[in-house]
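# Observations on the model geometry
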Amino acid sequence: MPKLKTKRGVAKRFRRTATGFKHRSANRNHILTKKASKRKRQLRGLNDVAAVDVPSIRRLLPTKAR
């Protein structure tokens, strides 16, 4: 059986945690001048991935999911 390859795009977007995965918020990349400071502040940091999406991410990240 061949080696399982990691999907590189998924590896760059998600971080493994003890209980699941985390991802960066959207809308924090450009055109930030019109967005309120409160909105930008709340978009900082990493958010948890929804539980229904975790199995598909595990499939795309075979080595990191263990």
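This is a predicted model, so every value here is computed, not measured.

### Let's talk about the pattern of salt bridges
- This model, assessed by the stated rule, comprises one salt bridge.
- Across the pair Asp 48 and Lys 22 runs a salt bridge whose closest N-O atoms are separated by 3.1 Å. Of this pair, Asp 48 sits in strand E3 (residues 46-48) while Lys 22 sits in strand E2 (residues 21-24); the two residues are 26 residues apart in sequence, bridging distant segments of the chain.

### Looking at the side chain of Ser 25
- Along the chain, Ser 25 falls in the loop between E2 and helix H2 (37-42).
- A distance of 3.3 Å separates the side chain of Ser 25 from the backbone oxygen of Leu 43, its partner in a polar contact.
- Reaching out from Ser 25, the side chain makes a polar contact with the side chain of Asn 47 at a distance of 2.8 Å.
- Setting aside its immediate chain neighbours within four residues, Ser 25 contacts Leu 43, Gly 45 and Asn 47.

### Thoughts on the packing of aromatic side chains
- The tally for this structure, following the rule as stated, stands at zero aromatic pairs.
- The ring centre of Phe 21 lies 5.1 Å from the NZ or CZ of Arg 16, which sits over that ring.

### What about the nonpolar core?
- Grouped together as the largest cluster of nonpolar side chains are eight residues: Val 10, Ala 11, Phe 14, Phe 21, Val 49, Val 54, Ile 57 and Leu 61.
- Among the secondary structure elements, those contributing two or more residues to this core are helix H1 (8-13) and helix H3 (54-60).
- Contacts of Val 54, omitting those with residues within four sequence positions, involve Phe 21 and Val 49.

### Thoughts on the sheet that holds E3
- Strand order in this open sheet of three strands is E1-E2-E3, and the pairing throughout is antiparallel. Only two strands of the sheet have a single partner each, and these edge strands are strand E1 (14-16) and E3. Each strand of the sheet is rotated relative to its neighbour by a mean of 35°, with strand direction disregarded.
- For E2 and E3, the ladder comprises three bridges, and the chain directions are antiparallel. When the sheet's bridge partners are listed, His 23 is paired in E3 with Asn 47.

Conventions and cut-offs
- Residues numbered from 1 in each chain as written.
- Predicted model: local features only at pLDDT ≥ 70, side-chain atom pairs only at ≥ 80, totals over all residues.
- Heavy atoms only, no water.
- Salt bridge = Lys/Arg side-chain N within 4 Å of Asp/Glu carboxyl O.
- Helix = DSSP H or I, 4+ residues; strand = E, 2+ residues; numbered from the N terminus.
- Polar contact = N/O pair within 3.5 Å; in protein donor to acceptor, adjacent residues only side chain to side chain.
- Contact = heavy atoms within 4.5 Å.
- Phe/Tyr/Trp six-rings, centres within 6.5 Å; stacked < 30°, edge-to-face > 60°.
- Lys NZ or Arg CZ within 6 Å of the ring centre and 35° of its normal.
- Core = buried A, V, L, I, M, F, W, Y, C linked by side-chain atoms within 4.5 Å.
- Buried < 20%, exposed > 50% of the residue type's maximum accessible area, 1.4 Å probe, protein only.
- Pairing = 2+ DSSP bridges.
- Axes fitted to C-alpha atoms, helices over the stretch in contact; angles between N-to-C directions.

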